[in-house]
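Each chain is listed here by its residues.
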Amino acid sequence: MTPHQIQLVQTSFAQVAPIADTAAELFYQRLFATDPTASALFKGDMKEQGRKLMQMIGVAVKGLDRLDSIVPAVQALGRRHRGYGVTEAQYDSVGAALLWTLGQGLGAAFTAEVQEAWTLAYGILATTMKDAAKAG
Ligand code: HEM
């Protein structure tokens, strides 16, 4: 990712942060509607789950310009996700639902350039998680 793309991801996430609870709710509705296999995996309180998700995305987004600092935490997250029963295909569903949610939250500010930057950022996170899960 270029420094400009990282900046786009960071500033657009800051715009969604004030409506994090709503964004998380929209995200899960979208995810479960588009990938019913995903809903079966969630056992806990979805409000709490949504907070954890947004918080972790926030940490990752902040760390994009110093990836080494977040890779170990993202790898550990990936290994835990293997334990939750998450499949590789579900990472695509989550990515699509995340981008859709950002589009809803950002409206006109979700330009093609912002979308492209988020696609790259999510790709880095998801690949790091999946690779760690595969490696054991
Ligand atoms: C960038 C991608 C993702 C991020 C940042 C993320 C973040 C998180 C976080 C922070 C937690 C809290 C527990 C923990 O830290 O281990 C969690 C739990 C969980 N995530 Fe993810 N996640 C991602 C991808 C996925 C995908 C692709 C799925 C598949 C549907 C998924 C399903 C779950 C489930 C089932 C739990 C446990 C829920 C429970 O305890 O009931 N996540 N995730």
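These figures come from a predicted structure and were not determined experimentally.

### Notes on the packing of helix 2 (residues 20-34) against helix 4 (residues 46-62)
Across the interface, helix 2 lies against helix 4 with an axial gap of 9 Å and an inter-helix angle of 105 degrees. Taken as axis vectors, helix 2 and helix 4 run roughly perpendicular relative to one another. Contacts between helix 2 and helix 4 involve Ala20, Asp21, Ala23, Ala24, Glu25 and Tyr28 from the first element and Met46, Gly50, Arg51, Leu53 and Met54 from the second. Residue composition of the contact of helix 2 with helix 4, grouped by class: seven nonpolar, one polar and three charged.

### Notes on the environment of Arg30
Position of Arg30 relative to the elements: it lies in helix 2. Residues Arg30 and Ala108, spaced 78 residues apart in sequence, show a C-alpha to C-alpha distance of 20 Å. With sequence-adjacent residues up to four places away left out, Arg30 is seen in contact with Ala97, Trp100 and Thr101.

### Thoughts on helix 1 (residues 3-16)
Taking 1.5 Å of rise per residue, the 14 residues of helix 1 would be expected to cover 20 Å, and the 20 Å separating its terminal C-alpha atoms lies within 8% of that figure. Looking at helix 1, one finds that the buried residues are Leu8, Val9, Ser12, Phe13 and Val16. The arc that holds every buried residue of helix 1, seen down its axis, measures 120 degrees, which confines them to one face. The exposed residues of helix 1 that point more than 90 degrees off its buried face are Pro3, His4, Thr11 and Ala14.

### Some words on the site of the ligand
Taken together, 20 residues are adjacent to the ligand, and Ala38, Leu41, Met56, Gln90 and Val94 come closest. Counting only elements with at least two residues in the shell around the ligand, the list comes to helix 4, helix 5 (67-83), helix 6 (88-106) and helix 7 (112-135). Ranked by residue count, the leading element in the shell around the ligand is helix 4, at five residues.

### Details of the packing of helix 2 against helix 6
Describing two packed helices takes the angle between their axes plus the distance from one axis to the other. Where helix 2 meets helix 6, the axes come as close as 9 Å, and the angle between the chain directions of the two elements is 135 degrees. Our classification of the angle between helix 2 and helix 6 gives oblique. Here helix 2 and helix 6 pass one another in a crossing that is right-handed. Judged by residue contacts, Ala23, Leu26, Phe27, Arg30, Leu31 and Thr34 of helix 2 engage Ser93, Val94, Ala96, Ala97, Leu98, Trp100, Thr101, Gln104 and Gly105 from helix 6. By residue class, the composition of the contact of helix 2 with helix 6 is nine nonpolar, five polar and one charged.

Cut-offs used in this document
- Residues numbered from 1 in each chain as written.
- Predicted model: local features only at pLDDT ≥ 70, side-chain atom pairs only at ≥ 80, totals over all residues.
- Axes fitted to C-alpha atoms, helices over the stretch in contact; angles between N-to-C directions.
- Helix = DSSP H or I, 4+ residues; strand = E, 2+ residues; numbered from the N terminus.
- Parallel < 35°, antiparallel > 145°, perpendicular 65-115°, else oblique.
- Contact = placed C-beta atoms within 7 Å.
- Nonpolar A, V, L, I, M, F, W, Y, C, P; charged D, E, K, R; others polar.
- Expected span 1.5 Å × (residues − 1).
- Buried ≥ 20, exposed ≤ 12 C-beta atoms within 10 Å, placed from the backbone.
- Arc of directions from axis to C-beta.
- Near = placed C-beta within 6 Å.
- Left-handed = near helix turned anticlockwise from the far one by under 90°.

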